[in-house]
Amino acid sequence: MLDRHHVKALLALDDDLALDCAWVEAVDSDRSRMHARDAERMADAQRYLELIGDNETERRASTINNQEPSADGRSRHHGYQLCPVCGHQTLLVAGTDPFGMNVGHGTCLICSYHRTEEVAEADAEWMGIYSDDAPNTTLEA
Ligand SMILES: [Zn+2]
């Protein structure tokens, strides 16, 4: 049975770079919460999309696709990307991931889905690990 002394000893071991399992668990837990919040945002956007219906969705898509992102004072944005909820090129990008994978964070102008910086970074990291097209970010032995 574990007691406080055992936990303190494990945390002390965690300071060793080779044994940083507690840190990895904390990161995994944070990522799980981030993905759960993202799934909630996607579900909210899907409900909103169902509320406005197909005709309004298509009307908005055609209107938005005929506008430049710089119109209406949006010049600080980086164009549009594909929205993972509604499937239109209407996710207005406020910035992209730090890994150079061009995964944008921003808000969809049709369904209101908001992809956060953290989700964009996690998606880009995933792409970097599992995509053959990704820049080589692995360390050579
Ligand atoms: Zn959307």
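Bear in mind the structure is a predicted one, so any value in this text is a computation, not a measurement. (Residues numbered from 1 in each chain as written. Predicted model: local features only at pLDDT ≥ 70, side-chain atom pairs only at ≥ 80, totals over all residues. Heavy atoms only, no water.)

Enquirer: I would appreciate a short explanation of the sheet that holds strand β1 (residues 80-81) in the present structure.
Expert: Whenever strands of a sheet pair, they do so through backbone hydrogen bonds, lying parallel or antiparallel. Ordered in space as β1-β2-β3-β4, the four strands form an open sheet in which the pairing is antiparallel. Since the sheet does not close on itself, it has two edges, and those belong to β1 and β4 (114-115), each with one partner. Where strand β3 (residues 104-108) meets β4, two bridges bridge the pair, whose relative direction is antiparallel. When the bridges of β4 are listed, T107 appears paired with H114. (Pairing = 2+ DSSP bridges. Helix = DSSP H or I, 4+ residues; strand = E, 2+ residues; numbered from the N terminus.)

Enquirer: Before we go on, may I ask you to explain the pattern of salt bridges in this structure?
Expert: Opposite charge on two side chains makes pairing possible when the charged atoms of those side chains draw close. The final tally for this structure, using the stated rule, is six salt bridges. Residues D30 and R33 are paired through a salt bridge, measuring 2.6 Å at the closest nitrogen-oxygen approach. Separated by three residues within a single helix, D30 and R33 lie in helix α2 (residues 21-65), roughly one turn from each other. The shortest N-O distance in the salt bridge between R31 and E125 comes to 2.4 Å. In this pair, R31 sits in helix α2 while E125 sits in helix α3 (residues 117-130), placing the two residues 94 residues apart along the sequence. Taken together, the salt bridges that share partners define one network made up of E56, R59 and R60. (Salt bridge = Lys/Arg side-chain N within 4 Å of Asp/Glu carboxyl O.)

Enquirer: Please explain the side chain of R115 as it appears in this structure.
Expert: By secondary structure assignment, the location of R115 is in strand β4. In this structure R115 is buried but unpaired, with D123 as the nearest side chain of opposite charge at 4.3 Å. There is a polar contact of 3.3 Å between the side chain of R115 and the side chain of Q81. Ignoring anything within four residues of it in the chain, the contact list for R115 reads Q81, P84, L91, V103, G104, H105, G106, A120 and D123. (Buried < 20%, exposed > 50% of the residue type's maximum accessible area, 1.4 Å probe, protein only. Lys, Arg positive; Asp, Glu negative; His and termini not counted. Polar contact = N/O pair within 3.5 Å; in protein donor to acceptor, adjacent residues only side chain to side chain. Contact = heavy atoms within 4.5 Å.)

So, to be careful, I would describe these as geometric facts and stop short of saying anything about function.
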